[in-house]
Amino acid sequence: MATKLSHIPNWINGQEARPANNLWIDKFNPHSGELLCYVADSSATDVHDAITAAGNAFSLWSELTPIKRGQVLSNIVASMKRRSDELADCIALETGKPPQDAKGEVGGGILQAEYFAGEGMRLYGRSLTSGTPGKHSHTVRQPRGIAGLIVPANTPIANICWKTFPALICGNTVVLKAAEDSPRIANLFAQLAKEAGLPDGVFNVVQGQGQSAGAALVEDSRVAVISFTGSTNVGRWIAEVAGKRLARISLELGGKNSLVVCDDADLDQAVHWASLSAFSNAGQRCASGSRVLVFKDIYDSFRDKFVAKAKSLRLGVSAGCDLGPVINKRQQQNILAAIETARAEGGRVLCGGGAPADPDLKAGYYIQPTVIDGLQASAELSRKEVFGPVVTLHPVENLAVALKVSNSTEYGLTAAIHTRNVDRAMWFAQRVKAGVANINLGTFGSEPHMPFGGFGASGNGTREPGVEALDVYSEIKNISFLVNLDHLN
Ligand code: NAD
């Protein structure tokens with residue numbers, strides 16, 4: 001007997017709300033290719049309702065003290081901890097991540113949440129001196145209003161926490177545009193937040209497509225801050241539209257991150273980190289190390305070890321698998337097309353290069369871990385983000401060339417270098433065009449208290465999380481008063 005598939009509606013003013021047009025999008029299981037559920041295909045009407053709910057809740061939420069807001073957020077954290085298995089199961093099903101990766105992501109989301117809940121007790125301003133005798137000044141942080149948060153599906157609960165908790169601690173109310181491919185986790189989070197005591201209307205979720213639901217959120221003049229994580233093209237459009245009304249915009253965009261392996265590197269460690277950088281989360285990371293630049297002298301030995309490592313990785317959704325499928329059929333087809341273009345441009349596919357033939361994986365959106373060399377730095381795959389488990393290898397003469405190639409794309413998100421030489425490491429880290437530079441590590445992102453973001457086409461200069469995120473979600477006001485000595489007696 002067929003199981004009845006569920007519908008994932010919006011979440012507006014503390015309750016589920018079906019889309020006004022009653023249209024739904026099919027959501028497929030990335031591992032099996034089977035239909036998983038139907039997702040609200042929201043229109044501007046639904047987005048309008050969600051923004052109205054957030055607007056109505058603003059005065060209540062923003063007038064609570066930050067400490068009180070932090071207490072409510074801490075209750076959400078406690079509930080996330082209690083229900084972490086449920087959250088992880090939901091992510092594993094929607095994204096096709098192996099269970100240990102889904103659990104790891106929930107743990108990361110909880111850490112983010114915990115950090116920003118605690119910020120309620122640290123929402124510091126500055127005290128300032130003045131040139132006027134008796135005048136005292138200090139700054140305070142005030143909320144901006146309604147925050148429109150737009151997220152992709154690659155690390156869904158981490159993305160939600162990354163933006164929601166700093167937005168809420170600063171006193172804003174939120175409309176989250178969930179990713180089409182991870183709808184249920186957003187709905188689950190909204191329910192959990194309500195049960196933990198978050199007042200109705202403070203956090204709302206609109207489901208649906210970017211061009212309709214996402215665009216309506218960006219275009220609504222009541223939304224004071226837009227924080228977007230996604231592709232560079234969409235980010236550019238958001239900057240134009242929301243920039244016109246001078247909304248605060250935070251853009252976390254794509255990357256083409258390089259990992260440099262010098263001739264004095266610990267080769268096994270370099271292989272380990274390069275593999276994690278390129279293939280973890282099936283390469284669906286903005287910080288993915290999709291270009292490995294290897295000193296010529298050690299190129300052959302690195303390449304052989306790296307290819308052997310890539311071939312050893314296990315695909316699937318069972319515990320212990322190294323990588324799952326990519327998120328949807330369209331993405332799988334895009335990646336396969338990018339590999340074909342690389343072949344046509346002279347690339348040599350050293351391993352992978354297609355979908356696996358394994359009968360257990362055939363129906364899913366899998367791509368074999370793929371290593372390609374022989375491409376010019378100007379080839380499409382050497383410059384463009386793929387967002388899949390595909391990496392190119394490039395021999396380089398020396399560090400100066402490695403830096404030049406690293407800095408040759410329009411992006412500038414993360415970079416890593418492997419060397420035992422501190423001079424080389426620091427020379428490179430200082431000069432590489434990247435918001436995050438790692439030494440003897442992967443091209444990995446940040447921890448909750450560390451700023452993350454990119455140069456160039458990887459962002460617009462904002463940084464989230466860390467205390468820097470507070471600048472995205474709050475306005476700074478300078479307050480001054482004069483002590484009049486004549487009034488003392
Ligand atoms: P995407 O830009 O297609 O979509 C991201 C989100 O934006 C989705 O929720 C989508 O519905 C919405 N969206 C799409 N068009 C929109 C529009 N016109 N208006 C408003 N919203 C719209 O990106 P994707 O393919 O889902 O995600 C992959 C991209 O995200 C990659 O480029 C990756 O590098 C980037 N990313 C960046 C970071 C970072 O922190 N820098 C982190 C993760 C992912």
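Computed from a prediction, not measured in an experiment: that's the story for all the values here. (Residues numbered from 1 in each chain as written. Predicted model: local features only at pLDDT ≥ 70, side-chain atom pairs only at ≥ 80, totals over all residues. Heavy atoms only, no water.)

### Quick word on the overall build of the chain
- The helix and strand inventory of the chain stands at 15 helices and 20 strands.
- The dimensions of the chain, computed from C-alpha atoms along their principal axes, are 85 × 70 × 40 Å.
- Each of the 489 residues in the chain was classed as buried or not, and the buried ones make up 55%.
- Sequence separation of 24 or more characterises 73% of the internal contacts of the chain that already satisfy a separation of 6 or more.
- Approximately 20300 Å² of the chain is accessible, and the part contributed by carbon and sulfur atoms is 53%. (Helix = DSSP H or I, 4+ residues; strand = E, 2+ residues; numbered from the N terminus. Buried < 20%, exposed > 50% of the residue type's maximum accessible area, 1.4 Å probe, protein only. Contact = heavy atoms within 4.5 Å. Areas by Shrake-Rupley, 256 points an atom, 1.4 Å probe, with all protein chains shown as cover.)

### Side note on the sheet that holds strand S1 (residues 6-8)
- The mixed open sheet is built from three strands, whose spatial order is S1-S5-S4. One side of each edge strand has no neighbouring strand; the edge strands of this open sheet are S1 and strand S4 (24-28). Geometrically, the sheet is characterised by an average inter-axis angle of 35 degrees between neighbouring strands, direction not taken into account.
- Pairing of S4 with strand S5 (residues 35-40) involves five bridges; the strand directions are antiparallel. Bridging across to S5, Lys27 finds its partner in Cys37.
- The sheet strands contacting helix H6 (residues 183-195) are S1, S4 and S5, and the helix crosses S1 at an angle near 70 degrees. (Pairing = 2+ DSSP bridges. Axes fitted to C-alpha atoms, helices over the stretch in contact; angles between N-to-C directions.)

### So, the site of the ligand
- Around the ligand, the structure places 26 residues, and the nearest of them are Val151, Glu180, Ser231, Leu253 and Glu385.
- Note that an oxygen atom of the ligand is positioned 3.3 Å from one of the backbone N or O atoms of Gly210.
- Here an oxygen atom of the ligand sits 3.4 Å away from a polar atom, N or O, in the main chain of Gly230.
- Summarising the interface, the protein chains cover 84% of the accessible area of the ligand, which totals 840 Å² for the free molecule.
- Where the shell around the ligand is concerned, the elements lending two or more residues are helix H7 (210-219), strand S11 (223-229) and helix H8 (232-244).
- Considering every element that reaches the shell around the ligand, the biggest residue donor is H7, with four residues.
- Along the lines of polarity and charge, the residues of the shell around the ligand split into 15 nonpolar, seven polar and four charged.
- Here the shell around the ligand spans two domains, since at least three of its residues come from each of domain 1 (6-253 + 459-476) and domain 2 (258-439). (Near = heavy atom within 4 Å. Polar contact = N/O pair within 3.5 Å; in protein donor to acceptor, adjacent residues only side chain to side chain. Nonpolar A, V, L, I, M, F, W, Y, C, P; charged D, E, K, R; others polar. Domains from an automatic or database assignment.)

### Thoughts on the pattern of salt bridges
- Within the structure shown, the criterion is met by 20 salt bridges.
- Salt-bridge contacts for Glu114 lead to Lys81; the nearest nitrogen and oxygen are separated by 2.5 Å. Here the residue Glu114 occupies a position in helix H4 (residues 99-118), and Lys81 occupies one in helix H2 (residues 66-82), the gap between them amounting to 33 residues.
- Salt bridges sharing common partners tie together Arg83, Glu86 and Glu195. (Salt bridge = Lys/Arg side-chain N within 4 Å of Asp/Glu carboxyl O.)

### So, the state of the cysteines
- Counted by the stated rule, this structure contains zero disulfides.
- The closest cysteine sulfur to the non-disulfide-bonded Cys321 is located on Cys351, 17 Å from its own sulfur.
- Residue class for Cys321 comes out buried when judged on its relative accessible area of 3%.
- On the basis of relative accessible area, Cys351 is assigned to the buried category, the value being 6%. (Disulfide = S-S within 2.5 Å.)

### What to know about a nonpolar patch on the surface
- On the surface, Phe481, Val483, Leu485 and Leu488 cluster together into a nonpolar patch covering about 420 Å² of accessible area.
- Looking at the secondary structure, you find Phe481 in strand S20 (residues 474-482).
- Under the relative-accessibility criterion, Phe481 is labelled partly exposed at 44%. (Patch = residues over 30% accessible without salt bridge, like charges linked within 9 Å, V, L, I, M, F, W, Y side chains within 5 Å.)

### Description of the domain arrangement of the chain
- Each assigned domain of the chain is listed here: domain 1 (6-253 + 459-476) and domain 2 (258-439).
- Each of domain 1 and domain 2 has a C-alpha centre, and these two points are 31 Å apart.
- In this assembly, 23 residues from domain 1 lie in contact with 28 residues from domain 2.
- Of all residues in domain 1, the largest losses of buried area upon contact with domain 2 belong to Pro30, His31 and Asn154, amounting jointly to 31% of the total for that side.
- Connecting domain 1 to domain 2 are one salt bridge.
- Arg236 is paired through a salt bridge with Glu410; the nearest N and O atoms lie 3.2 Å apart.
- Counting only elements with at least two residues in the side of domain 1 that touches domain 2, the list comes to S4, helix H3 (84-95), H4 and H8.
- The element contributing the most residues to the side of domain 1 that touches domain 2 is H4, with three residues.
- Looking at the side of domain 1 that touches domain 2, its residues break down into six nonpolar, 10 polar and seven charged. (Buried area = accessible area lost by both parts, 1.4 Å probe.)

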